[in-house]
Amino acid sequence: MPRPLGPLPLARSAVDRDGVSRTRDSLFDELLADESTRMLPLWNGRVLTTDDAGCPRLRLFRVDEVTSALTRVYLGRTLEDGPDEPAGTPVILSVLTDAAAGELQPDESSWRGLRDLATSLSDRDAGLVTESVAVANWHASHTHCPRCGTPTVVEHGGWMRRCFVDNNEIFPRTDPAVIMRVLDEDDRILLGSNALWENNRWSLLAGFVEAGESFEDAVVREVEEESGVLVTDPQYLGSQPWPFPASVMIGMEARAVAGHTELRPDGEEILALRWFSRDDIWRQRDDILLPGGSSIAHAIVRDWYGGPLDQPPAEAA
């Protein structure tokens, strides 16, 4: 049985989401009157950071410094001390318009995205930004009632939208997707090249879980659909949110069935497939691009490889 993955960049958090407080109608009035409350501005999925001993740290603002927002969401209370914010600090997400973002920080290059920051943020900051990006994406795509098309109103501290015509309550949704480490009899890993990527980029096979389907069944189906390979005994490795825009990635491992390892890319989504040994990864490191450090795919490949991907594997050292 494979061992669980270690800490994943976007699965880290030091935030108490404080769901009980969301139901109070007076919540935002109370928070905005509290001098300890901090605002987390978000613009086009990006945040502001400051340098802290060579590492980026999330910039949180006083209430009077961020006075306008498209949407506000109560993110909860921090569980770690920050330089200016003790544990227990309440934090509100403020999704900004272009104009409001320009007033707060005119230099667009100062606004940074989660993919670039994920591996270098603290647990507190990683949790706050991941939560913010996910819920902001949900709000952007659920402005109207799916039943009647009426504009919805935001309630429960930003964690629910309600249609005031049919009283339909809409909550944030997350789409589960499996991502698979498929290994053959020689312990080689199966990697594919997606039609949307550069020709030399390779990663694990992945796909959304369908209605009425288990994670294990999704692994078997997706691998066969995308590669023609039959796999057995899917095992759970770990998971992390992937709010681009609204997924959670469920890492799995499965073994290819002997005699059913011929590779047949579908030619539409997957253009090429290859079995890689650890030595292949090392020898071709200058010619192939592997998953970025913020992704669970990187963690899964690194775990199989046995160490950092920019160093030789133990067997080749």
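The structure this text deals with has already been given above.
A brief report on the enclosed structure follows.

Reading guide: rules and limits
- Residues numbered from 1 in each chain as written.
- Predicted model: local features only at pLDDT ≥ 70, side-chain atom pairs only at ≥ 80, totals over all residues.
- Heavy atoms only, no water.
- Helix = DSSP H or I, 4+ residues; strand = E, 2+ residues; numbered from the N terminus.
- Buried < 20%, exposed > 50% of the residue type's maximum accessible area, 1.4 Å probe, protein only.
- Contact = heavy atoms within 4.5 Å.
- Lys, Arg positive; Asp, Glu negative; His and termini not counted.
- Charge placed at Lys NZ, Arg CZ, Asp CG, Glu CD.
- Phe/Tyr/Trp six-rings, centres within 6.5 Å; stacked < 30°, edge-to-face > 60°.
- Lys NZ or Arg CZ within 6 Å of the ring centre and 35° of its normal.
- Pairing = 2+ DSSP bridges.
- Axes fitted to C-alpha atoms, helices over the stretch in contact; angles between N-to-C directions.
- Expected span 1.5 Å × (residues − 1).

### Regarding the overall build of the chain
When you go through the chain residue by residue, the secondary structure sums to seven helices and 17 strands. By the burial criterion, 48% of the 317 residues in the chain qualify as buried. Residue pairs at least 24 apart in sequence account for 67% of intrachain contacts in the chain once pairs closer than 6 positions are excluded. Within the chain, one finds 30 positive and 53 negative side-chain charges whose respective centroids are separated by 2 Å.

### Observations regarding the packing of aromatic side chains
Going through the model one piece at a time under the given rule, you end up with four aromatic pairs. An angle of 70 degrees between the planes, with centres 5.5 Å apart, marks the rings of Trp202 and Phe276 as edge-to-face. One end of the pair, Trp202, is in the loop between β13 (189-194) and β14 (205-208); the other, Phe276, is in strand β17 (residues 270-276), with 74 residues separating them in the sequence. Here the two residues Trp202 and Phe276 agree in accessibility, since each one is buried. The ring of Trp159 has Arg22 lying over it, and the distance from NZ or CZ to the ring centre is 4.1 Å. Across from the ring centre of Phe244, 4.3 Å away, lies the NZ or CZ of Arg115, which sits over that ring.

### A closer look at the pairing of strand β10 (residues 160-163)
Here strand β9 (residues 152-155) runs beside β10; their pairing, made up of four bridges, is antiparallel. When the bridges of β10 are listed, Val153 appears paired with Arg162. Bridge count for β10 against strand β11 (residues 169-170) is two bridges, and the pairing is antiparallel. Pairing of Arg161 across the sheet is with Ile170, part of β11. Here β10 folds back onto β11, and the loop between the two strands holds five residues, one of which, Asn167, carries a positive phi near 65 degrees.

### Things to note about the sheet that holds β10
The strand order across the open sheet built from three strands is β9-β10-β11, with neighbouring strands paired in antiparallel fashion. Every interior strand has two partners, whereas the edge strands, β9 and β11, have only one.

### Details of the sheet that holds strand β8 (residues 111-113)
Reading across the sheet, the three strands line up as β4-β3-β8 and stay open at both edges, with antiparallel pairing between neighbours. Two strands in the sheet have a free side with no partner beyond their single neighbour: β4 (55-58) and β8. Averaged over all pairs of adjacent strands, the angle between their axes in this sheet comes to 65 degrees, without regard to strand direction. When strand β3 (residues 46-52) meets β8, the two strands line up antiparallel, connected through three bridges. Paired with Val47 across the two strands is Arg112, which belongs to β8. Helix α4 (residues 123-141) rests against β3 and β4 of the sheet, and its axis sits at about 55 degrees to β4.

### Observations concerning the environment of Ala134
Position of Ala134 relative to the elements: it lies in helix α4. Along the backbone, Ala134 and Gly192 are 58 residues apart, and their C-alpha atoms lie at a distance of 27 Å. In contact with Ala134, other than residues within four places in its own chain, are Pro243 and Pro245.

### A word on the side chain of Glu131
When you line up the elements, Glu131 lands in helix α4. Excluding anything up to four places from it in sequence, Glu131 contacts Val15, Arg17, Leu75 and Trp159.

### A closer look at unusual backbone geometry
Cis geometry is adopted by the peptide bond preceding Pro245, which originates at Phe244 and carries an omega value of 10 degrees. With respect to the helices and strands, Pro245 occurs in the loop between β15 (231-242) and β16 (247-256). In this structure, Asn44 takes a positive phi of about 50 degrees despite not being glycine. Mapped onto the fold, Asn44 is located in the loop between β2 (38-42) and β3. Overall, the relative accessible area of 55% leaves Asn44 in the exposed class. Of note in this structure, Asp187 is not a glycine but carries a positive phi near 65 degrees.

### Details of helix α7 (residues 296-305)
The buried fraction of α7 amounts to nine of the 10 residues, a majority that puts the element mostly inside the structure. Buried residues of α7: Ile296, Ala297, His298, Ala299, Ile300, Val301, Asp303, Trp304 and Tyr305, and no others. Check the buried side of α7 and you find it contacts β12 (175-183), β13, β15, β16, β17 and α6 (278-283). One or two residues past the end of α7 sits Gly306, with phi positive at roughly 100 degrees.

### Focus: helix α5 (residues 215-227)
The end-to-end C-alpha distance of α5, which contains 13 residues, comes to 18 Å, matching closely the 18 Å that a straight helix rising 1.5 Å per residue would cover. Taken residue by residue, α5 has Ala218, Val219, Arg221, Glu222, Val223, Glu226 and Ser227 as its buried positions. Looking at the buried positions of α5, the neighbouring elements they touch are β12, β13, β14, β15, β16 and β17.

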